[in-house]
Amino acid sequence: MTPRILIADDSETVTSLLTVALQTSGYDVETAKDGVETYEAGKTGDFDLVVLDQLMPGLLGLEVIQKWRNEGVEHKVIMLSGVDDDRFVVDSFEMGAIDYVRKPFRLPELLVRIKQRLDT
Amino acid sequence: MSGFHTVELFALVVFGVNAVLVAGLITLKTVHRRRTVDYDRRRSHYVTVLSRHLAFENCADPLGRDAATDPAFLDALIDVRRTVVGPELTTLGDIASRYGIITELMHRLRRGRSRGQRLRAAVALAELGDGSSARVLMDHLSDHEAEVRLQAARGLGRMQWTPAIDGIVNRLEVETPWLRARFADTLVGFGGKATAPLTTYVRVNHPFETYGPVTAVKTLATIGDSQAVTPLLEVLEEAENPEVEIAVIEALGILGGPAVIAPLQRKSDSPDWRVRAKVATGLGTVGDPSSAPILARAMCDANWWVRRNAAAALAKLPGGSDSLYAAIDGPDPYAGDAAAEALADRGDLEAARDRQAVGETTALDEKLLAYVEAVVEVPA
């Protein structure tokens, strides 16, 4: 079955870039452009992985994870964020993120990480 | 014509004029909205095509004939460029060259008809940071438009075009204070390569002016290259301008290392309280325990800022706690206040209260708690 990935980022450039790259690699991709949309999509959707931005309108990335957890929803989350703060990286892992990638990012590296995380 | 008809005619004219204005406004808004939607659609298309170029190694999807002159493409290209790093930047640079974007921007910068057109070209070239535009950007370091000069420096900094360093440093002598700071920021991108030109600039100019050398010293601190320590120590010995002294002390505190300790300690006797205050902070940042007695003495300084900075520095210094707790029941009440504040800021007071709550206070906890309670009681 084709793995389903949710890309949550308010930057159209990021979602477009990742959508094209991931669809090319054979994944089924959905996108969300703000925190509320991400929360709703994650609550109802069955995703194998979520690529999640932190700074989004509506809800922050970590707030989205918290709300999912409160409702018993578990997703594999890779944080993709421009927040350059070690404390935030630690917070992300403590909240249950399985990986953290800083923006700007290397596309091949991100794709390999996504593949690895889907395989584990 | 009767009075009634005059009023009626006037009302009709007012109504007519209003109707024309409203119709004009609606038309303008509609046109603007359509343009925005069209712009966003084109931009979105370009982002998708650029994404394909990055995702497929041999992607041949065309961008469109008008891409080179379409601001939506430039916008998309810059945005994608900000999103990725690594070999993808080369791919984007190749696309920009293939479609003649850089050539077009350089042409606009040189011969643009309006100020806005030239400025947008300069900003785009700075964002793209393509090496092929370096010579043109070098020429525009002395452009008559300040923002164009600045964007040229930013672009050269982004591409780390080292021949431009001297030209940018020279701008520190002639630009206004606000622009100097922004020019100095562009030098940070060059890293250690900018250290020698900046230190030379500071050494030559600090006796004659303040703001330029101070800005350059702050840039050296941001770059953080230890090669700047020796020339800055020489400036510290020679400088008679307290503003320059303060900037150098701050930079030396950040750069750190054993060589800066003794010169900073010597400056703790400066007649200028601003220098003494900055020395206290600097010694705390460097963190050498040999500074503890000097900082303990500075807690009794006549100036409040010096006392406060010295106590804060001692709170960071290995072994500095002894001096702070000693000051609490020492003869100088001002030093006691500064010490208690620094200990509270460090979290000692809160920890002491937590231990007090479970009956596990130490002798130092009791000393601090007693001092704070006494201070609170006096004003009441």
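Residues numbered from 1 in each chain as written. Chains lettered and ligands numbered in written order. Predicted model: local features only at pLDDT ≥ 70, side-chain atom pairs only at ≥ 80, totals over all residues.

*Asks:* Would you explain the sheet that holds strand β1 (residues 4-8) of chain A in this entry?
*Replies:* Sheets are built from strands paired through backbone hydrogen bonds, the pairs being either parallel or antiparallel. All names here are of chain A. With parallel pairing, the 5 strands of this open sheet are ordered in space as β2-β1-β3-β4-β5. Single-partner strands in this sheet number two, and they are β2 (28-32) and β5 (99-102). Direction aside, the axes of adjacent strands within the sheet are offset by 20° on average. Relative to β5, strand β4 (residues 77-81) runs parallel, the two being bridged by 4 bridges. The residue of β5 that forms the bridge with I78 is D99. Running at roughly 140° to β2, helix α2 (residues 35-44) makes contact with β1, β2 and β3 (49-52) of the sheet. (Pairing = 2+ DSSP bridges. Helix = DSSP H or I, 4+ residues; strand = E, 2+ residues; numbered from the N terminus. Axes fitted to C-alpha atoms, helices over the stretch in contact; angles between N-to-C directions. Contact = placed C-beta atoms within 7 Å.)

*Asks:* Mind showing me how you'd approach the packing of helix α9 (residues 177-188) of chain B against helix α11 (residues 211-223) of chain B here?
*Replies:* Relative orientation and spacing of two packed helices are given, respectively, by the angle between their axes and the distance between those axes. Residue and element names in this part refer to chain B. Viewed as axis vectors pointing N to C, α9 and α11 meet at an angle of 25°, and their least axial separation amounts to 9 Å. In terms of orientation, α9 and α11 fall into the roughly parallel class. Every pair of crossing elements has a handedness; the one defined by α9 and α11 is right-handed. Residues P177, R180, A181, A184, L187 and V188 of α9 touch α11, and the partners they reach there are Y211, G212, T215, A216, K218, T219, T222 and I223. Residue composition of the contact of α9 with α11, by class: 8 nonpolar, 4 polar and 2 charged. (Parallel < 35°, antiparallel > 145°, perpendicular 65-115°, else oblique. Left-handed = near helix turned anticlockwise from the far one by under 90°. Nonpolar A, V, L, I, M, F, W, Y, C, P; charged D, E, K, R; others polar.)

*Asks:* Sorry, what's going on with the pairing of β4 of chain A here?
*Replies:* Regular strands place side chains that alternate from one sheet face to the opposite one. All names here are of chain A. Taking burial as the measure, the 5 residues of β4 include 5 buried ones, the bulk of the element. Burial along β4 is two-sided: V77, M79 and S81 facing one way and I78 and L80 facing the other are all buried. Across 3 bridges, β3 lies against β4 in parallel orientation. By the bridge assignment for β4, V51 is matched with I78. A crossover links β3 with its parallel partner β4, the connecting element being helix α3 (residues 61-70), and its sense is right-handed. (Buried ≥ 20, exposed ≤ 12 C-beta atoms within 10 Å, placed from the backbone. Right-handed = clockwise from strand over helix to strand, strands pointing away.)

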